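Tertiary structure, described
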Amino acid sequence: MIVSTKKLFQHAYGKYALGAYNINNAEQIMGLFRGNIDSQAPFIIQISRGARAYTDKLLLEGMIKSAEQIFPKAVFAVHLDHGDLESCLDSIKSGFYSSVMIDASDQDFKNNVSITKKVVKAAHAKKITVEAELGQLGGVEEHIAVDEKDAHLTDPEEAKDFINQTGCDSLACAIGTSHGAYKFSGSQAIHFDILKRIQKLAPKFPLVMHGSSSIPQDEVKRINAAGGKLGGAKGVDENQFKKAAKLGVTKVNIDTDGRLVWTRVHREVFRDQPEVFDLRGPGKIFMAEYAKYIVNKNKKLGSAGQLPKVRKFLGKK
Ligand code: G3H
Ligand code: 13P
Ligand code: ZN
């Protein structure tokens, strides 16, 4: 069942965070649904502009609708990740997305407010929820590579004004994480102080943490042992998610970790079985391994086991 992130956030706020997982293909979709059903978790499926263009946005839509039939008990939101004005309006028009992110965080405050307001107006007219971003994460975002020196953390006072002026439903905050596999070059730091201050100024307002892959070191080792070159990759400590959830983080974005699972599985299969050329062999292993990854991640987020409660909250059996 596709629901708005608003409903999911109402249930989760202050208690746990929802995993927001990026998908690009059928194997990721199957693994994702399987993992969330196995761990009894509500979740958010996210589609980036790159994912929409990879095969075809309609193909992704069709596969997700089919997954909904295969897993009738699943409760999830369909979310556009890092949209611009054009892709937000297109996703809103499609009637398929229950949530969109407008990312105008590379603009100055005034322009960011003005672009975000346009999306909020169009989305709310169709009861679709809007995530916006203030502050800028480092690392590689779609279409933009943000140098660490240009990244800047969210200013809590500005966040309060931004929320009031735009009417957005949730806010992606830059709190020290970054996109991709190489997050913390020095010592790791999620800026809990900033979360605390935002929560004080905007109580009960759902916050979003991007760049939250944990880059499991055993995964990196296995990839490198099978011919990969991922030196120095480092991620977010997943044991900090519950602390962030208490401070208002309701959505935790994860993409890179899923790519690592895919890379490890395929590299190992082709290293160990050089005679293999049937894509279904590694595909099957990937779906099972990705589902396992999701189960463990949901335990860390606190979303595991919440599905029956969320269904009840939504008035469903
Ligand atoms: O934040 C960016 C996400 O990881 C999406 O990545 O644009 O390569 O699909 P992508
Ligand atoms: P990671 O690169 O840490 O997986 O972050 C993904 C993300 O923020 C998607 O919006
Ligand atoms: Zn992101």
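Coordinates for the structure precede this section.
Residues numbered from 1 in each chain as written. Chains lettered and ligands numbered in written order. Predicted model: local features only at pLDDT ≥ 70, side-chain atom pairs only at ≥ 80, totals over all residues. Heavy atoms only, no water.

Examining the overall build of the protein chain
We apply this condition: In DSSP terms, a helix is any run of H or I states spanning at least four residues, a strand is any run of E spanning at least two, and both are numbered starting from the N terminus. Whether a residue is buried, partly exposed or exposed follows from its accessible area with a 1.4 Å probe, protein chains only, as a fraction of its type maximum: under 20%, in between, or over 50%, in that order. Shrake-Rupley sampling with a 1.4 Å probe provides the accessible areas, and residues are treated as covered by the protein chains on show and by no other component. The sign given to each residue is positive for Lys and Arg and negative for Asp and Glu; His and the chain ends receive no count. The location of each charge is read from NZ of Lys, CZ of Arg, CG of Asp or CD of Glu.
Of the regular secondary structure elements, the protein chain holds 13 helices and eleven strands. For the protein chain, the spread of C-alpha atoms along the principal axes amounts to about 60 × 45 × 35 Å. Taking all 317 residues of the protein chain together, 55% fall into the buried category. For the protein chain, the accessible surface area stands at approximately 14100 Å², while carbon and sulfur atoms represent 54% of it. Here the protein chain carries 46 positive and 36 negative side-chain charges, and the mean point of each set is 9 Å from the other.

Considering the environment of Q107
Where we set the bar: Here a residue-residue contact requires only that any non-hydrogen atoms of the pair lie within 4.5 Å.
Relative to the helices and strands, Q107 resides in the loop between strand 4 (99-102) and helix 6 (109-124). The exposure class assigned to Q107 is partly exposed, which follows from its relative accessible area of 33%. For Q107 and Q136, which are 29 residues apart along the polypeptide, the C-alpha to C-alpha distance reads 9.9 Å. Filtering out sequence-adjacent residues up to four positions away, Q107 remains in contact with N112 and I115.

Notes on the site of ligand 2
Convention followed: By convention in these notes, a residue is near a molecule or strand provided one of its non-hydrogen atoms lies within 4 Å of it. Whenever a nitrogen or oxygen atom comes within 3.5 Å of another N or O atom, the pair is scored as a polar contact, on the condition that within protein one atom can donate a hydrogen and the other can accept it, and that pairs from neighbouring residues in sequence are kept only if both atoms are in side chains. Residue type decides the class: Asp, Glu, Lys and Arg count as charged, Ala, Val, Leu, Ile, Met, Phe, Trp, Tyr, Cys and Pro as nonpolar, and the leftover types, Gly among them, as polar.
Around ligand 2, 15 residues are found, and the nearest of them are D81, K183, S213, D255 and T256. Contact between ligand 2 and S212: an oxygen atom at 3.1 Å from a main-chain N or O atom of the residue. Contacts to ligand 2 include T256, whose side-chain N or O atom sits 2.6 Å from an oxygen atom. Coverage of ligand 2 by the protein amounts to 96% of the 310 Å² it exposes when considered alone. Breaking the shell around ligand 2 down by element, the ones donating at least two residues are strand 3 (76-83) and strand 11 (249-254). When its residues are assigned to classes, the shell around ligand 2 shows one nonpolar, eleven polar and three charged.

Things to note about the site of ligand 1
The environment of ligand 1 is formed by eight residues, the closest being S48, H82, H179, D255 and R259. Here an oxygen atom of ligand 1 and a side-chain polar atom of R259 are 3.0 Å apart. Within the complex, 80% of the 300 Å² of free accessible area of ligand 1 lies under protein. Of the residues assigned to the shell around ligand 1, the class counts are no nonpolar, four polar and four charged.

With respect to the nonpolar core
Rule in force here: To form a nonpolar core, buried Ala, Val, Leu, Ile, Met, Phe, Trp, Tyr and Cys residues must be joined to one another through side-chain atoms within 4.5 Å.
One finds F33, I45, I64 and L171 to be the most contacted residues of the largest nonpolar core, which totals 77 residues. In this structure I45 touches Y21, I23, L32, F33, I64, F76, A77, V78 and H79, once residues within four positions along its chain are discounted. By size, the runner-up hydrophobic cluster in this structure holds seven residues, among which are I215, V220, L230 and L260.

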